[in-house]
Amino acid sequence: MGALPKKKRTRARRGNRQSSYVMKTPSVSRCHQCQNPVRPHHMCSSCGYYNGREVITKTETPTGSENN
Ligand SMILES: [Zn+2]
């Protein structure tokens with residue numbers, strides 16, 4: 001037998017705890033290149049720029065051509 005809880009946690013306590021697990025709205029900033037909304041520390045998905053330089057060239061089709 002493993003460790004067991006001593007007392008039952010009530011619905012109110014469970015709800016209080018689970019209320020802190022709510023997903024927060026992701027923080028979003030603007031791409032310096034194309035002004036599209038991008039997540040911080042992520043490459044811009046529309047123009048392929050990150051930190052002022054091009055990471056992925058977005059001239060080809062967006063799927064199936066990212067094996068460099
Ligand atoms: Zn961009």
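Note that this is a predicted model, so its numbers are computed, not measured.

The subject of this paragraph is the overall build of the protein chain. Along its length, the protein chain carries 1 helix and 4 strands. Here the protein chain, with 68 residues, has 3% of them falling under the buried criterion. In the protein chain, once contacts between residues fewer than 6 apart in sequence are set aside, the share between residues at least 24 apart is 0%.

Here the focus is unusual backbone geometry. For glutamine 35, which is not a glycine, the phi torsion comes out positive at approximately 65°. One can find glutamine 35 in the loop between strand S1 (29-30) and strand S2 (37-38). Even without glycine at this site, histidine 41 takes up a positive phi of about 65°. Mapping histidine 41 onto the fold places it in the loop between S2 and strand S3 (49-50).

The next subject is the confidence of the model for the protein chain. Residues at a pLDDT of 70 or more form 84% of the protein chain, whose mean pLDDT is 84. For the protein chain, the element scoring lowest by mean pLDDT is strand S4 (residues 53-54), at 80; helix H1 (residues 11-18) scores highest, at 95.

To continue, consider the environment of isoleucine 56. Structurally, isoleucine 56 is set in the segment after S4. Isoleucine 56 gets classed as partly exposed once you count the C-beta atoms within 10 Å, which come to 17. Residues isoleucine 56 and methionine 43, spaced 13 residues apart in sequence, show a C-alpha to C-alpha distance of 8.7 Å.

What counts, and at which threshold
Residues numbered from 1 in each chain as written. Predicted model: local features only at pLDDT ≥ 70, side-chain atom pairs only at ≥ 80, totals over all residues. Helix = DSSP H or I, 4+ residues; strand = E, 2+ residues; numbered from the N terminus. Buried ≥ 20, exposed ≤ 12 C-beta atoms within 10 Å, placed from the backbone. Contact = placed C-beta atoms within 7 Å. pLDDT = per-residue confidence, 0-100.

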